[in-house]
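The residues making up each chain are set out below.
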Amino acid sequence: MTVKALMPVRILNLVAPLAHKATAMHITETGNHTIARSGATAPLNAHRHIGEGPRPGGLNRAMVAPPTPGIATSTTATRTTTTRATRARLLPSADPHLFQLLVQAYLDCRLTKRNSASAQAFEAQAEHNLFQLHEELASGTYQPGRSVCFVITRPKPREVWAARFRDRIVHHLLYNHIAPRFHARFTADSCACIPGRGTLYAARRLEHQVRSITRNWTEPAHYLKCDLANFFVSIDKAVLLGQLQRQVTEPWWMALAATILMHDPRQDVEVRGTHSELALVPPHKSLFNAPEGHGLPIGNLSSQFFANVLLDDLDQFVKHQVRAPHYVRYVDDFILLHHSPQWLNQAKANIEHLLSDLHLQINPRKTILQPVARGVDFVGHLIKPWRRMTRRRTLHAALDRLQVAPAPDLHQSANSYFGLLRQASHSHNDQARVARLMLDRGHVVAGDLSKIYRRSKP
């Protein structure tokens, strides 16, 4: 008696993505032959970071590569054609940690926006929304959505453009990845939208340099203060794109930067506010009137970062070509210090030549050249011999607002102004004026004039 062993036919159906970058196996039967063909799935399926199962609804046909012939092997029971596992072809960036980077960007974005309606709507289905956003980014189909435009009147009328919450997440994603390489290049005198370099850093930096050039206020010196005319509206995106390309060499990240930079928010915008409010903004300062390919929306993290990238050429030029010994810049306001006013005038002419290459120009009405002993007004601080105070206009605006502020908002507003006044080195008298106003309105003030306390309910 002869016994013939039959080998079972193995049907493979690896639809779920493998742990490594392998291809999915699809089996079809024809007669006595079982043919396995491989279809390379997109990197998103090959690198799942939420769960390990297949995406609901199975594989998307558009994300499967054309099948490739396998390598034939045979047995006594059946002939099976199989394929060797091959690496999935990645997209230009296809960072395997892209989803983790996106989650971190989401956490960074919601730090100060968690109570907003758009942030709460996104958070209600955070996993689904993040997964969908990840799909768009990984496949290269992401496009910014609608923006909201409104007008603020303090300290002066200007347009603010607010991107959708999901677009803000993408701004943080790009910033978190590429900003460190630019920050390492920026000079120590560049401020704004740089960790640890806000208005207080800029004021202290300038005060230090004033004390240095005057030898602690014992020698005369002059300062040149300049402001760029219509800065954000005048930014040439083509020039800025070239500067980004010098530092961002990864194709996918550069493509994402270009998508954010070249997006024109005027094509899809929701305007909020009355016609009279919108009319307060001068026409030459409105993004709606900017030429094609010019202008960045004020209000986005990406715009502030791109502004620093653009003006890094100015910083490098002033430090290494003009050789200004003392210089500080905060966004589009910058100050040079020198003993000679003639030298400062020549430096201004050289800077204007450089700015013409960036398609920018200095605002002549806001250009100041005078001795530092008269006081230097910069980033809300007034630097005078032996003291640094809060700008008088800021103090008077604070007193006017606190005088008429509703009682429920008074605690938060007053403590915010106390925090602002404490930044100045000589602000005791200013804090005392605010404290007296709070006492008149029935609040208790801390002994060091640093804060007020909430009123107890009767």
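The notes below deal with the structure included here. Throughout, residues of each chain are indexed from 1 in the direction in which the sequence is written. pLDDT decides what is reported in this predicted model: residues at 70 or higher carry local features, side-chain atom pairs at 80 or more are listed and counted, and totals for whole chains, interfaces and linings draw on all residues regardless. Hydrogen atoms and water are omitted, and side-chain values are computed over all heavy atoms in the structure.

Side note on the nonpolar core
Rules: What we call a nonpolar core is a set of buried Ala, Val, Leu, Ile, Met, Phe, Trp, Tyr and Cys residues that are connected through their side-chain atoms within 4.5 Å. Each residue gets one of three labels from its accessible area relative to the maximum for its type: buried under 20%, exposed over 50%, partly exposed in between, using a 1.4 Å probe on protein chains only. Counting from the N terminus, the helices are DSSP H or I runs at least four residues long and the strands are E runs at least two residues long. Contacts were defined at the residue level, with two residues in contact if any of their heavy atoms lie within 4.5 Å.
Core analysis: the largest hydrophobic core is formed by 67 residues, its most contacted members being L256 and I351. Considering each element in turn, this core owes the most residues, 10 residues, to helix α11 (residues 301-320). Among residues more than four places away in sequence, those in contact with I351 are L314, F317, V318, V322, F334, L336 and I362. One finds A398, Y417, F418 and A435 within the second-largest nonpolar core, a separate group that totals 18 residues.

What about the pairing of strand β14 (residues 381-384)?
Condition: A pair of strands is labelled paired if DSSP reports no fewer than 2 bridges between them.
Across three bridges, the pairing between strand β13 (residues 376-378) and β14 is antiparallel. Of the residues in β14, the one forming a bridge with V376 is I383. Direction of pairing for β14 relative to strand β15 (residues 387-390): antiparallel, over a ladder of four bridges. Bridge pairing in β15 links K384 to R387. Where β14 folds back on β15, the antiparallel hairpin that results is connected by two residues, among which W386 adopts a positive phi of roughly 70°.

With respect to helix α2 (residues 98-109)
To keep things clear, this is the line we draw: Expected span of a helix, by definition, is 1.5 Å for each gap between consecutive residues, and there is one gap fewer than residues. By definition, the arc is the one covered by directions from the helix axis to the C-beta atoms.
With 12 residues, α2 ought to run about 16 Å at 1.5 Å a step, and its terminal C-alpha atoms sit 16 Å apart, in line with that. Among all positions in α2, only L98, F99, L102, A105, Y106 and C109 are buried. For α2, the angular spread of the buried residues around the axis is 115°, confining them to a single face. Those residues of α2 hidden inside the fold are in contact with α3 (117-124), α4 (126-139), α5 (165-185) and α9 (251-262).

Section: helix α12 (residues 341-357)
If you check α12, its first and last C-alpha atoms are 25 Å apart, about what 17 residues at 1.5 Å a residue would give, namely 24 Å. Of all the positions in α12, only L344, A347, K348, I351, L354 and L355 are classed as buried. Each buried residue of α12 lies within a common arc of 125° when the element is viewed along its axis, so the set occupies one face. Turned more than 90 degrees off the buried face of α12, the exposed positions are Q342, H353 and D357. Elements in contact with the buried residues of α12: β8 (222-227), α11, β11 (333-338) and β12 (368-371). H359 occupies a position one or two residues after α12 and carries a positive phi of about 60°.

Some details on unusual backbone geometry
With the exception of glycine, most residues fall at negative phi, and the peptide bonds are largely trans. In the segment running from R154 into P155, the intervening peptide bond is cis, with an omega of 0°. Considering the arrangement of structural elements, one finds P155 in the loop between β5 (147-152) and β6 (158-163). Unlike most non-glycine residues, A192 shows phi in positive territory, near 85°. Mapped onto the fold, A192 is located in the loop between β7 (190-191) and α6 (199-213). Its relative accessible area of 7% is what places A192 among the buried residues.

Some points on the sheet that holds β11
Quick note on the threshold: Each axis is a line fitted through C-alpha atoms, taken for helices only over the stretch in contact, and angles between the N-to-C directions span 0 to 180 degrees.
The strand order across the open sheet built from five strands is β7-β10-β11-β8-β12, with neighbouring strands paired in mixed fashion. Each edge of the open sheet is held by one strand with a lone partner, namely β7 and β12. Across five bridges, strand β10 (residues 326-330) lies against β11 in antiparallel orientation. Along β11, the bridge assignment pairs V328 with I335. In the packing of α6 onto the sheet, the strands contacted are β7, β10 and β11, and the crossing angle to β10 comes to about 165°. Running over the sheet, α12 touches β8, β11 and β12 and is turned about 145° from β11.

Observations concerning the packing of helix α14 (residues 407-422) against helix α15 (residues 428-440)
As a reminder of what qualifies: Oblique is the label for any angle not under 35 degrees, not over 145, and not in the 65 to 115 range, which are roughly parallel, roughly antiparallel and roughly perpendicular in turn. For any helix crossing, the convention is left-handed if the near helix is rotated counterclockwise from the far helix by under a right angle, and right-handed if that rotation is clockwise. Residue polarity follows a fixed list, in which Ala, Val, Leu, Ile, Met, Phe, Trp, Tyr, Cys and Pro are nonpolar, Asp, Glu, Lys and Arg are charged, and the others, Gly among them, are polar.
Two elements in contact, α14 and α15, have axes separated by 10 Å at closest approach and are oriented at 165°. Here α15 runs roughly antiparallel to α14, going by the angle between their axes. Considering how the two elements wind past one another, α14 and α15 form a crossing that is left-handed. Contacts between α14 and α15 involve L410, A414, F418, L421 and R422 from the former and D430, Q431, V434, A435 and M438 from the latter. Here the residues of the contact of α14 with α15 are counted per class, giving seven nonpolar, one polar and two charged.

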